[in-house]
Amino acid sequence: MDNCNQNCTNNKNKTQNANAIKSKSPQKTANNDNKRNHSSSSNSEPSSPKLLQHSTVDHLKVQTSNPEAYRTLVHYLRNEKAEFHTFQLKEDKPMRIVIRNLHPSTSTEMIKNELEHRLYEVRQVTQVISKIPLPLFFVDLEPTDHSKEIFKLESILHTKIKIEEPHKPKIISQCQNCQAYGHTKAYCGYSPRCVRCGDDHSSSACPNSRQDPMRCAFCTGALYSPPHHNISNATFTDHFNTIKNNFIIGGDYNAKHNAWGCRTNNPRGIVLYNFVNANNFNVLAPPGPTYWPSSPAKNPDILDIFETKIPSNLHCLTKNILELNSGHSSVILNVSATVFARVEPPRLFSPLTDRLEFQNIINQRIDLKIKLKSIYDIDEAVNNLTMLIQSATWEATKPNKTHDSKNNYPIVSDQIRCLIVEKRRARAKYQVTRLPSHKTAYNKLANLLKKVLAKYKSYEFEQKLHSLSVIDGSLWRETKRLLKYKTASPHC
């Protein structure tokens, strides 16, 4: 596979619990044993607190009942050298606010003293600096009831201020220890992985030079499987057991199956399909063929695919690059933390194109008396023909005078698209399990989406009203449209 373009951004995981712990192991057999050992150990002790456990194929999620049980469990897992990650307790998380309109030269120590004089428990005060100091200050307070009253403050240090909550980042947090997504280094118990070379050591201890090419810790690389070798389920199992945590492996598997868009199924494709389903992996295939045979007896098909195991909150998009470097065309895989916007494919003709006029323009301007004796002559002729077709199409296409771009709502924001995706996932999960907890989560997301869409429509309508004017007649046209009387159809 020639290209694997990853746009992995760090976005905060919204579905994680503050006291959830996942216990993983590099090998699945050892992982299952670790699950049984940790569960039996925690349940065998008579004084152990109540634990809620949820087991999946490759990890165990444990939720404690109180902060003391959380700290006891974390201490136990560290002593047992188990691989896990956790999250900051709500009781330990500070309350962060933003103070605006203070002069950039104001010292953070002065702000802290002023707030403490007003009986606020301040952990730290930091100033936002972007090339130059800005009139923005982050303040971390202790999570007390009195701290919530700080939003009523209108002035400090003889300056009128504005206090508000910080904007939530739209990126997934990435651990700087294991390079995984969804948690941070301070709460990570996995083995370190280098961000530069992807090996099992910390990034600061990487022996490679900074001039060496970097390799993603999730991308194991490219794979090629010759077509004439017998591949069984055990072969795939032995190969993927050597890979830890998340991965993206792209290459020529020579495995055909209708599940990823191939024309037919072959034995290797059936084996790979069963293996992927048994291990909860995903196969990402491009929309078009990647193999272009030279023999007329063979048909183009999809042979270059990606096999992945990545967090479910990351969105993937594959597309073909129609540049034949060999018998296979390249494929690009884009990985993003936000939903990809649907882009309409470019079209030469539209419903407003006069095809007869297009034909007449081509007949009048085309020049067939050209020489094709060298590669340069052929390239120049192709470029001239392409430009002629484009210009003729543009001239034969009449503008749509009835189309008003102001009546079209813009594309919805990434936040709304993410909420739609999360709501659909919650609905599908509830339809499969029928659990009350999943129904509650689905209803919560559905109600939240309704509120966000109502607010968005109200804002768009307000912007549309502000854009109306008496000068260009848009105000009267919109009034006429709203007050237009629709006559009833006559009765037969």
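Here's a quick rundown of the structure.

Thresholds, definitions, all that
Residues numbered from 1 in each chain as written. Predicted model: local features only at pLDDT ≥ 70, side-chain atom pairs only at ≥ 80, totals over all residues. Heavy atoms only, no water. Axes fitted to C-alpha atoms, helices over the stretch in contact; angles between N-to-C directions. Helix = DSSP H or I, 4+ residues; strand = E, 2+ residues; numbered from the N terminus. Parallel < 35°, antiparallel > 145°, perpendicular 65-115°, else oblique. Left-handed = near helix turned anticlockwise from the far one by under 90°. Contact = heavy atoms within 4.5 Å. Nonpolar A, V, L, I, M, F, W, Y, C, P; charged D, E, K, R; others polar. Phe/Tyr/Trp six-rings, centres within 6.5 Å; stacked < 30°, edge-to-face > 60°. Buried < 20%, exposed > 50% of the residue type's maximum accessible area, 1.4 Å probe, protein only. Lys NZ or Arg CZ within 6 Å of the ring centre and 35° of its normal. Patch = residues over 30% accessible without salt bridge, like charges linked within 9 Å, V, L, I, M, F, W, Y side chains within 5 Å. Areas by Shrake-Rupley, 256 points an atom, 1.4 Å probe, with all protein chains shown as cover. Salt bridge = Lys/Arg side-chain N within 4 Å of Asp/Glu carboxyl O. Pairing = 2+ DSSP bridges.

## Some thoughts on the packing of helix H4 (residues 233–240) against helix H5 (residues 267–278)
Look at H4 against H5: their axes get within 9 Å of each other, and the N-to-C directions meet at 50 degrees. Considered as vectors, H4 and H5 are oriented oblique to each other. Where H4 crosses over H5, the two elements pack in a sense that is right-handed. Along its contact with H4, which presents Asn233, Phe236, Thr237 and Phe240, the element H5 presents Val271, Leu272 and Phe275. Broken down by class, the residue content of the contact of H4 with H5 amounts to 5 nonpolar, 2 polar and no charged.

## Describing the packing of aromatic side chains
Scanning the entire structure with this criterion turns up 4 aromatic pairs. Ring centres of Phe236 and Phe275 lie 5.6 Å apart, and the angle between their planes is 25 degrees; this geometry places the pair in the stacked category. With Phe236 in helix H4 and Phe275 in helix H5, this residue pair connects regions lying 39 residues apart in the sequence. For the residue pair Phe236 and Phe275, the accessibility class agrees, reading buried in each case. Taking 5.2 Å as the distance between ring centres and 85 degrees as the angle between the ring planes, the aromatic pair formed by Phe247 and Phe281 counts as edge-to-face. Taken as a pair, Phe247 in strand E12 (residues 247–252) and Phe281 in the loop between H5 and strand E13 (282–284) lie far apart in primary sequence, 34 residues in all. A relative accessible area of 2% means that Phe247 is categorised as buried. Through a chain of ring-to-ring contacts, three or more aromatic side chains come together here, namely Phe236, Phe247, Phe275 and Phe281. In this structure, Arg96 is placed above the aromatic ring of Phe138, and the distance from its NZ or CZ to the ring centre is 5.0 Å. Directly above the ring of Phe349 sits Arg355, whose terminal nitrogen or CZ lies 4.5 Å from the centroid.

## Observations regarding unusual backbone geometry
Glycine aside, negative phi is the norm for most residues, and most peptide bonds take the trans geometry. Even without a glycine there, the phi angle at Lys81 is positive, about 55 degrees. Looking at the secondary structure, you find Lys81 in the loop between helix H2 (67–79) and strand E4 (83–85).

## Side note on a nonpolar patch on the surface
A cluster of nonpolar residues, Ile370, Leu372, Ile378 and Val382, forms a patch on the protein surface that exposes about 360 Å² of accessible area. Note that Leu372 resides in the loop between helix H6 (355–365) and helix H7 (375–396). Judged by its relative accessible area of 54%, Leu372 falls in the exposed class.

## With respect to the sheet that holds strand E7 (residues 132–141)
An order of E6-E7-E5-E10 is seen for the 4 strands of this open sheet, with the pairing classed as antiparallel. The open sheet has two free edges, formed respectively by strand E6 (122–130) and strand E10 (162–164), since each of these has just one partner strand. Averaged over all neighbouring strand pairs, the angle between strand axes comes to 25 degrees, with direction disregarded. Here strand E5 (residues 95–100) pairs with E7 via 6 bridges, running antiparallel. Paired with Val98 across the strands is Phe138, a residue of E7. Along the sheet, helix H3 (residues 108–117) contacts E5, E6 and E7; its crossing angle with E6, the most-contacted strand, is approximately 145 degrees.

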